[in-house]
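Below are the chains, spelled out letter by letter.
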Amino acid sequence: MSEGAAVDTRPTKIMYVAEATAHGGRDGYVTSQDGQIELKVAMPPQMGGDGNGTNPEQLFAAGYSSCFHNALILVGNRAGYDLTGSTVAAKVGIGPNKTKGYGLAVALSVSLPVLDADLAAKLVDAAHEVCPYSNATRGNIDVTILLG
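The structure contained in this document is the topic of the report that follows. Along each chain, numbering runs from 1 in the same order as the chain's sequence is written. Under the rules for a predicted model, residues below a pLDDT of 70 receive no local features and side-chain atom pairs below 80 are neither given nor counted, while totals for whole chains, interfaces and linings still include all residues. Each side-chain value is derived from all of the structure's non-hydrogen atoms; neither hydrogens nor water enter the calculation.

Turning next to helix 1 (residues 56-78). Where helices and strands are cited, they refer to DSSP runs of H or I of at least four residues and of E of at least two residues respectively, numbered from the N terminus. Any helix carries an expected span of 1.5 Å times its number of residues minus one. Under the 1.5 Å per step criterion, the end-to-end length of helix 1 is 33 Å for 23 residues, consistent within 8% with the ideal 33 Å. Think of it in three bands: residues with accessible area under 20% of the maximum for their type are buried, residues over 50% are exposed, and the middle band is partly exposed, with areas taken using a 1.4 Å probe on protein chains only. Within helix 1, burial applies to Glu57, Ala61, Gly63, Tyr64, Ser65, Cys67, Phe68, His69, Ala71, Leu72, Val75 and Gly76. We call two residues in contact when some of their heavy atoms are within 4.5 Å. Buried residues belonging to helix 1 abut strand 4 (87-96), strand 5 (102-111), helix 2 (117-130), helix 3 (132-137) and strand 6 (142-147). Any pair of N or O atoms that falls within 3.5 Å is considered a polar contact. Within protein, one atom must be able to donate a hydrogen and the other to accept it, and sequence-neighbouring residues count only if both atoms are side-chain atoms. For helix 1, the side-chain oxygen to backbone nitrogen distance between the N-cap and Glu57 is 3.0 Å, and the N-cap itself is Asn55.

Take a probe with the size of a water molecule and roll it over the atoms, and the empty space left behind shows itself. Of the two site types, the cavity is a set of points on a 1 Å grid over the protein atoms alone where a 1.4 Å probe fits but cannot get out, and the pocket is an open set with protein on both sides within 12 Å along at least five of seven lines, each lined by residues with an atom within 4 Å of a point. Grid points are joined across faces, edges and corners, and a volume is the space filled by probe spheres set on the points. Taken as a whole, the largest pocket spans an internal volume of roughly 1000 Å³. Lining the largest pocket are 33 residues; nearest its centre among them are Tyr16, Ala18, Cys67, Pro132 and Tyr133. For the lining of the largest pocket, the elements supplying multiple residues, two or more each, are strand 1 (20-23), strand 2 (28-32), helix 1 and helix 3. In terms of residue class, the lining of the largest pocket is built from 20 nonpolar, 8 polar and 5 charged. Note on residue categories: nonpolar means Ala, Val, Leu, Ile, Met, Phe, Trp, Tyr, Cys or Pro, charged means Asp, Glu, Lys or Arg, and polar means any other residue, Gly included.

Note on aromatic pairs: the rings of Phe, Tyr and Trp (six-membered ring only in Trp) are paired at centre separations within 6.5 Å, and the planes decide the class, stacked below 30 degrees, edge-to-face beyond 60, tilted for the rest. Taken as a whole, this structure holds 4 aromatic pairs when the rule is applied. Ring geometry for Phe60 and Tyr64: centres 6.0 Å apart, planes at 80°, overall edge-to-face. Here Phe60 and its partner Tyr64 are both found in helix 1, 4 residues apart, which amounts to about one turn of the helix. For Tyr64, a relative accessible area of 0% translates into the label buried.

Our focus in this paragraph is the environment of Ala136. Among the structural elements, Ala136 can be located in helix 3. On the basis of relative accessible area, Ala136 is assigned to the exposed category, the value being 53%. A sequence separation of 105 residues divides Ala136 from Thr31, and the C-alpha atoms of the two residues are 23 Å apart.

What follows concerns the pattern of salt bridges. Salt-bridge detection follows one rule: a side-chain nitrogen of Lys or Arg within 4 Å of a carboxyl oxygen of Asp or Glu. Under the defined criterion, the tally for this structure stands at 3 salt bridges. Salt-bridge contacts for Arg10 lead to Asp8; the nearest nitrogen and oxygen are separated by 2.8 Å. We note that Arg10, like Asp8, is exposed.

Structurally, Ile37 is set in the loop between strand 2 and strand 3 (38-41). A sequence separation of 64 residues divides Ile37 from Gly101, and the C-alpha atoms of the two residues are 28 Å apart. Those residues in contact with Ile37 that lie beyond four places of it in its chain are Val30, Thr31 and Ser32.

Bringing unusual backbone geometry into the picture now. The bulk of non-glycine residues show a negative phi, and the bulk of peptide bonds are trans. A positive phi is found at Lys100, a non-glycine position, where the angle reads about 70°. In this fold, Lys100 is placed in the loop between strand 4 and strand 5.

Time to look at the sheet that holds strand 2. As summarised here, the arrangement of the 3 strands in space is 1-2-3, forming an open sheet in which the pairing is antiparallel. If you trace the sheet from one side to the other, it starts and ends with strand 1 and strand 3, each paired once. Averaged over neighbouring strand pairs, the angle between their axes works out to 20° when direction is ignored. Across 4 bridges, the pairing between strand 1 and strand 2 is antiparallel. Paired with Ala22 across the bridge in strand 2 is Val30. Whether two strands pair comes down to DSSP finding at least two bridges between them. Geometry is summarised by axes, namely lines fitted to C-alpha atoms with helices restricted to the contacting stretch, and by angles between N-to-C directions that run from 0 to 180 degrees.

Here is the structure:
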């Protein structure tokens, strides 16, 4: 494959489908089809809201951090490493873009306290290739990964 060529990361088989419904946009609530999620959503104060609820960026941060952490554990296990004690934290920023819409930026902070820096970096790079959130956002959202 030539350098810079797009890699097809679409699923070859759908194993699970999550369903959620928004009611009222950013000042309403969200529910999941299975009843596991029933959350009030609100605009954060920095965007003119009262902040009296969660927001899509927090939900995205929770999803991306847990998914990336699982990918990290998977690649670590495949390579023979126990990543007990590791963590992944996500920060999701939102702001206006050049097309009069809005865009996101993500910073993932990965902690792998039991591994040396070179090995940790290799596992993080491998997890970034495996994680479905990373695959979905690649080329669309700036994702910075901080290893510490």
